[in-house]
Amino acid sequence: MNTSCRYKRVLVKLSGEALMGDTRNAFDPRFLDGLVHELQTAHATGVQLALVVGGGNIYRGGLGHDQGPARSRGDHMGMLATVINSLAIQGGLEKIGLSSVVYTAIPMPQVAETFVLRHALDDLARGRILICAAGTGNPYFTTDTAASLRAAEMGADLLLKGTKVDGVYSDDPKTNHNAQRYDQLTFDQVLHQKLQVMDLTAISLCQANKIPIMVFSILERGVLTAILNGEQRGTLIKEAL
Ligand code: UDP
């Protein structure tokens, strides 16, 4: 085991859309293969590794602006989508011999373990990769907020938010070639400038619990391990610069 990692425990948040890779299907097997190898090298640094995955490649609730029971139904569908994604990632990890546990925020014991913090911490200490599914278990939230919540509960040193771009920009880099990438930002800058990082609840939860966020490109090979080894990649968001 390599002990170069500067963090003890981190949580990685992946959007469901990332799993589509370059395809229009819910899953791109090539992306999944690449992802599990990234996780393998990251895990080999000795860090305790937890994951929260979204469901946007399959279903997102709330898009029809439904409210009340209809909204809850849609959100339940979204949370179930995250369970499908979590099982897919676990399958990939299993294929390369990495031990992982899927925990769900909504009990479904035939499918996965029900989230109990103490059990999750035991699994992390045993070197298992944790995959936290079904978001917070409640409608009206996002998996970004679930990631912040789990990171706070577990006492993670860093929340790594994997996206298709390599950090936070002043504008959309796809449409504005003059958009500038930030190396570092404060939570207040993100909140006041309404920068598209994570939803407000997720950002506020990280700020209140002093958990820095690193926004990085999940498409860049080796980046996760580079960050764990202390290299500056992506955009780091913290309390003060
Ligand atoms: N969701 C929810 N509560 C949660 C987390 C997620 O209701 O705590 C639902 C919500 O409908 C959301 C969907 O699950 O749209 C998928 O999650 P998200 O949109 O965060 O996935 P991502 O954009 O990261 O793929």
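Scroll up to find the structure.
What comes next concerns the included structure. (Residues numbered from 1 in each chain as written. Predicted model: local features only at pLDDT ≥ 70, side-chain atom pairs only at ≥ 80, totals over all residues. Heavy atoms only, no water.)

**Brief notes about a nonpolar patch on the surface**
Convention followed: Think of a patch as exposed residues, more than 30% relative accessible area, with no salt bridge, where like charges cluster within 9 Å and nonpolar side chains (Val, Leu, Ile, Met, Phe, Trp, Tyr) cluster within 5 Å. Calculation of accessible area relied on Shrake-Rupley with a 1.4 Å probe; when residues are assessed, cover is drawn exclusively from the protein chains displayed. Here, a salt bridge means any side-chain nitrogen of Lys or Arg that lies within 4 Å of a carboxyl oxygen of Asp or Glu. Under the scheme used here, helices are H or I runs from DSSP no shorter than 4 residues and strands are E runs no shorter than 2 residues, and both carry numbers assigned from the N terminus. With a 1.4 Å probe rolled over the protein chains alone, any residue whose accessible area is under 20% of its type maximum counts as buried; one over 50% counts as exposed, and the rest are partly exposed.
Together, I58, Y59, M77 and I84 give the surface a local cluster of nonpolar side chains, amounting to about 330 Å² of exposed area. Positionally, I58 belongs in the loop between strand 2 (48–53) and helix 2 (68–95). Exposure remark for I58: the relative accessible area of 35% places this residue in the partly exposed category.

**Some thoughts on the sheet that holds strand 1 (residues 9–14)**
What counts here: By this definition, two strands are paired if DSSP reports at least two bridges between them. Throughout, a contact is declared for two residues whenever any of their heavy atoms are within 4.5 Å. Lines fitted to C-alpha atoms define the axes, with helix axes restricted to the stretch in contact, and inter-axis angles between N-to-C directions lie between 0 and 180 degrees.
Pairing in this open sheet of nine strands is mixed, and the strands run 4-3-5-2-1-6-10-11-9 from one edge to the other. Of all strands in the sheet, those with a lone pairing partner are strand 4 (113–114) and strand 9 (184–186), marking the two edges. Sheet analysis places strand 3 (residues 100–104) next to strand 5 (residues 129–133), joined by five bridges and oriented parallel. In the sheet register, V102 faces strand 5, and the bridge partner there is I131. Running at roughly 165° to strand 5, helix 2 makes contact with strand 1, strand 2, strand 3 and strand 5 of the sheet.

**Side note on the packing of helix 1 (residues 29–43) against helix 2**
Here is the rule we go by: Angular relationships are summarised with four words: roughly parallel below 35 degrees, roughly antiparallel beyond 145, roughly perpendicular across 65 to 115, and oblique for the angles in between. The handedness criterion is simple: a crossing whose near helix is rotated anticlockwise from the far helix by less than a right angle is left-handed, and one whose near helix is rotated clockwise is right-handed. When residues are grouped by polarity, Ala, Val, Leu, Ile, Met, Phe, Trp, Tyr, Cys and Pro land in nonpolar, Asp, Glu, Lys and Arg in charged, and all others, Gly among them, in polar.
For the pair helix 1 and helix 2, the least separation of the axes is 9 Å and the interaxial angle reads 65°. Accordingly, the angle class assigned to the pair helix 1 and helix 2 is roughly perpendicular. In this structure, helix 1 meets helix 2 at a crossing whose hand is right-handed. On helix 2, the residues that touch L32, L35, V36 and L39 of helix 1 are A88, I89, G92 and L93. For the contact of helix 1 with helix 2, the residue count by class is seven nonpolar, one polar and no charged.

**Concerning the pattern of salt bridges**
Counted under the stated rule, the structure contains eleven salt bridges. A salt bridge links D144 to K13; the nearest nitrogen and oxygen atoms lie 2.8 Å apart. Of this pair, D144 sits in helix 4 (residues 143–154) while K13 sits in strand 1; the two residues are 131 residues apart in sequence, bridging distant segments of the chain. For D144, a relative accessible area of 9% puts it in the buried group. Its relative accessible area of 3% is what places K13 among the buried residues. Among the salt bridges present, the one from R71 reaches D75, with a minimum N-O distance of 2.7 Å. One end of the pair is R71 and the other is D75, both in helix 2 and four residues apart, which spans about a single turn. Residue R71 shares its accessibility class with D75, and that shared class is buried. Bridged by salt links that share partners, the residues K13, D144 and K161 form one connected network.

By themselves, these observations are geometric and do not establish any function.
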